[in-house]
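A look at the structure
Each chain, written out:
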Amino acid sequence: MAPIPQSNVDVLIVGAGPAGLMLALWLSRLGVVTRIIDKRTDKVFSGQADGLASLDKMTFSPTKLCFRFQARSLEILDSFGIGDRVWKEANQMFEVSFWNPNPDGRIQRNSRVSNNVAGLSRFTECVLHQGRMEKFFLDGIAASYPHPATPTHQIKVERMVIPTSLSIDETRVDDEDAYPLTITLQNLTEEEATPTQRLSNLSDGLFRSNLANDDIPQMIENSGGRKDVREEIIRAKYVVGCDGAHSWTRKNLGKDFEMHGEMTDYIWGVLDIVPITNFPDIRNRCMIHSESSGSLMIIPRENKMVRLYIQLTEVSPNGGRIDRSLITQEAIFKAAQKIISPYKLDYHYCDWWTAYQIGQRVGDKFDKLNRVFLAGDAVHTHSPKAGQGMNVSMQDTYNLGWKLGLVCKKVLRREVLSTYELERKQIAKELIAFDHKFSRLFSGRPAKDILDETGVSMEEFSNAFNMSHLFTSGLGVNYQPSPLVSKPAEHRIVKTDLEVKADQVAAYDSAQSTLYLAKNCIPGMRFPSFQVIAHSSAQHWQLHHKMPSDGRFRLVVFSGDISQPTRQSLVNDLGSWLSTDLLPKYPTIALSPGSEPHAGTMKFMPDRSPSIIDVLLIHTAKRSDVEMLRDLHHVYHPFDPKLGWDYDKVFVDEESYHHGNGRAYEGYGVDPEEGALVIVRPDGYVGLLASLERKGWEEVAKWFRGVLRTV
């Protein structure tokens, strides 16, 4: 018998859905040796995401068939250079219509409101086929190579592979060079990896629904009789379970990692169709409450399709078991016709369908020993109608990816990994609370009048929706104090033991933020983006485009008017301090070819890897009054022997020749007379606000001492 192959890897990702691919994209940009496996074949059913392509030409993963992208997720994807591709192909949603029964029981439009809050982001909510999104992720990963840190390695999704065992050598978990995790992998045949379908010619998603059982045990059993079973043993530093609600990874960590919550009696079906209808708002997002037939949500998609979320009142269990045989495509569609009546609804093309039971569950633990991590549906589940599942899952691994990658590169202190659970568990709990309220308001029977105490107030439902924008957009995330988030003592609201511990860690000999210096840059919240002008070329830029996801921290210097001698002297003294006292203490980082996505692929790589701390200067002087190379310290225009001076670090807040005035200082809440220093984490969240004066420099030094390893 041939020996089982063995190999080492820094990170093993289990599951190639949105969370797994986001993590793989991060680690590809950081040059971390990573493998990503998925139990499914990539030839499952319809799908190369052309919407109406013929069924026999489609090949994609059949999870949900479309994604709803919230504003923050699009900003994140844009930081990797793929957000613009999503934005151009997706169907963008701008309006929501609310339809409720009138006194005669007929549905009528009660109101129309904006689907997004203006000014929060340059993006709004949009919808795109999952197959296209997976393609963009894979393209983004490929754009990271060849990576100078891993010239012989490239991350590729390994499909039809399942893990069958996981063990942890707890005596070695504190050794940062060790590979304390041992995982056995098994290859499946295409038949074993293909889920059972109700119909052979139409893809349904019931096998991924919470109405279905976990199928990995059956896969292992089916393959057990084969003589040609191929296995492999992996030794890893870290494992991340992105393997869904039935997570094999979570189950192998033991009972302490079980998710807790509750299931309701509400059953909902989902249809992706090209509708034939006289319903007037079919191309708007709609919330429809019928008098007695349940509720319906309409999500307009690309290629003339719509997604319908349909309450299935006739199959609700009422405390008993669900009869899955009653849940068919035809039954779901008939339920939709009843709800939307008297308007007509028909279709000739159905792309996909599924059903699910509304419930909310969350795990108590997001990691074990800071070696095995859980993300996305593997650690929190909820209903899909608020459009949060994919978004929150991707943002889990966006939070984890840079931390894990920089620890592997020995740039970040390993204890910082504990902030993953601290930050993302808080968001998961907020999501569960929101979904609990929203799904019950949506699924409940409309109140007939103010005396109807058992019915749902449609005014309350509308108000809940309108108040939810900041949360559902992802722009309202506000992380708790930690070594990565410095909040003033008066802004720490401590509620739990976990938060008490975080507050104590943050308060001990750590940097302190001065909030008034940049009123719209809140520690723990995402750093907003406004238009600035490149000092060297007058080209307009969104500042986010100069802060891509390449693993670097940003020190943003709001200097004010540097044409004034005293201010220019102060800024140059800061530059001198940065170049001699701060930057040399910390590592450099090798950049991937895709690390500047908005400037194109890096054709010419630098001779020297840049500092892990990237310094950006934004001033308010007239461009004609300042010569960058002559008047500013070289830290603001670093020199590379192969590429010369870097002209892409100095920006001005002034009007563009063709694109107006971004008013960046106003947007960030910075007084040009005072200025500010802002530390932005690699994931775009604010870590510290400090003074431009010398007292602020020490706060900056303290902050980095608590986060980075010295060279």
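About the thresholds
Residues numbered from 1 in each chain as written. Predicted model: local features only at pLDDT ≥ 70, side-chain atom pairs only at ≥ 80, totals over all residues. Heavy atoms only, no water. 1 Å grid on protein atoms, 1.4 Å probe; cavity = no way out; pocket = protein on both sides within 12 Å on 5 of 7 lines; lining within 4 Å. Points joined across faces, edges and corners; volume = space filled by probe spheres on them. Helix = DSSP H or I, 4+ residues; strand = E, 2+ residues; numbered from the N terminus. Nonpolar A, V, L, I, M, F, W, Y, C, P; charged D, E, K, R; others polar. Polar contact = N/O pair within 3.5 Å; in protein donor to acceptor, adjacent residues only side chain to side chain. Contact = heavy atoms within 4.5 Å. Buried < 20%, exposed > 50% of the residue type's maximum accessible area, 1.4 Å probe, protein only. pLDDT = per-residue confidence, 0-100. Pairing = 2+ DSSP bridges. Phe/Tyr/Trp six-rings, centres within 6.5 Å; stacked < 30°, edge-to-face > 60°. Patch = residues over 30% accessible without salt bridge, like charges linked within 9 Å, V, L, I, M, F, W, Y side chains within 5 Å. Areas by Shrake-Rupley, 256 points an atom, 1.4 Å probe, with all protein chains shown as cover. Salt bridge = Lys/Arg side-chain N within 4 Å of Asp/Glu carboxyl O. Axes fitted to C-alpha atoms, helices over the stretch in contact; angles between N-to-C directions.

It is worth spelling out empty space enclosed by the protein at this point. On inspection of all chains with the given rule, the structure shows two cavities of 30 Å³ or more. Its volume calculated, the largest cavity comes out at about 140 Å³. Taken together, 16 residues form the lining of the largest cavity, with Ser79, Tyr398, His544, Met547 and Gly684 sitting closest to its centre. When residues in the lining of the largest cavity are grouped by element, the largest group, four residues, is from helix H2 (residues 71–79). Taken together, the residues of the lining of the largest cavity break down into seven nonpolar, four polar and five charged.

This paragraph deals with the environment of Lys156. Positionally, Lys156 belongs in the loop between helix H4 (130–142) and strand S8 (157–159). In this structure, the C-alpha to C-alpha distance between Lys156 and Ile36, residues 120 residues apart in sequence, is 6.9 Å.

Moving on: the side chain of Glu75. In this structure, Glu75 sits in helix H2. One polar contact links Glu75 to Arg526, side chain to side chain, over a distance of 2.6 Å. Ignoring sequence-local partners within four residues, the contact set of Glu75 consists of Ser121, Arg122, Phe123, Leu475, Arg526 and His544.

Among the eight residues that make up strand S22 (residues 553–560), eight are buried, leaving the element largely enclosed by the rest of the structure. A two-sided burial pattern is seen for S22, the buried positions comprising Phe553, Leu555, Val557 and Ser559 on one face and Arg554, Val556, Phe558 and Gly560 on the other.

With 85% of its residues at a pLDDT of 70 or more, the protein chain shows a mean pLDDT of 87. A low-confidence stretch, residues 198–202 stays under pLDDT 50, and its non-local contacts, those more than four residues away or across chains, total 15 contacts.

Moving on, we get to the sheet that holds strand S4 (residues 91–92). Taken in spatial order, the three strands line up as S3-S7-S4 in an open sheet, and their pairing is antiparallel. In this open sheet, the two edge strands, each paired with only one partner strand, are strand S3 (66–69) and S4. Bridge count for S4 against strand S7 (residues 126–129) is two bridges, and the pairing is antiparallel. From the neighbouring strand, Asn91 faces S7, where its bridge partner is Val127.

Now for the packing of aromatic side chains. Two descriptors summarise a pair of aromatic rings, namely the distance from one centre to the other and the angle between the planes of the rings. According to the stated counting rule, one finds 24 aromatic pairs in the structure shown. Pairing Phe279 with Tyr343 gives two aromatic rings, centres 5.4 Å apart and planes at 85°, and the pair type is edge-to-face. Of the two residues, Phe279 is situated in the loop between strand S12 (259–277) and strand S13 (285–289) and Tyr343 in the loop between helix H8 (329–340) and strand S16 (345–363); the sequence distance between them amounts to 64 residues. For the pair Phe279 and Tyr343, a shared accessibility class is recorded, and that class is buried. Geometrically, the ring pair formed by Phe530 and Tyr668 is edge-to-face, given 4.9 Å between the ring centres and 85° between the ring planes. Within this pair, whereas Phe530 is found in the loop between helix H13 (497–507) and strand S20 (531–534), its partner Tyr668 is found in helix H16 (residues 664–668), the two being separated by 138 residues in sequence. For Phe530, a relative accessible area of 23% corresponds to the partly exposed category. Among the aromatic residues, those joined into a cluster by ring pairs are Trp402, Phe553, Tyr586, Trp703 and Phe704.

Let's shift gears to a nonpolar patch on the surface. On the surface, a cluster of nonpolar side chains totalling about 390 Å² of accessible area is made up of Leu629, Phe639, Trp645 and Tyr647. Along the chain, Tyr647 falls in the loop between strand S25 (644–645) and strand S26 (650–652). Residue class for Tyr647 comes out partly exposed when judged on its relative accessible area of 38%.

To continue, consider the pairing of strand S30 (residues 686–690). Judged by how many residues are buried, S30 sits mostly within the fold: five of five residues are covered. What sits between strand S29 (residues 676–680) and S30 in their antiparallel hairpin is a turn of five residues, with Gly684 showing a positive phi close to 85°.

So, on to the sheet that holds strand S14 (residues 295–300). Read from one edge to the other, the open sheet built from eight strands follows the order S6-S5-S13-S14-S15-S12-S16-S19, with strand pairing classed as mixed. The open sheet terminates on both sides in strands that have one partner only, identified here as strand S6 (107–114) and strand S19 (380–381). Across the sheet, H8 lies against S6, S12, S13, S14, strand S15 (306–311) and S16, angled at about 95° from S16, the strand it touches most.

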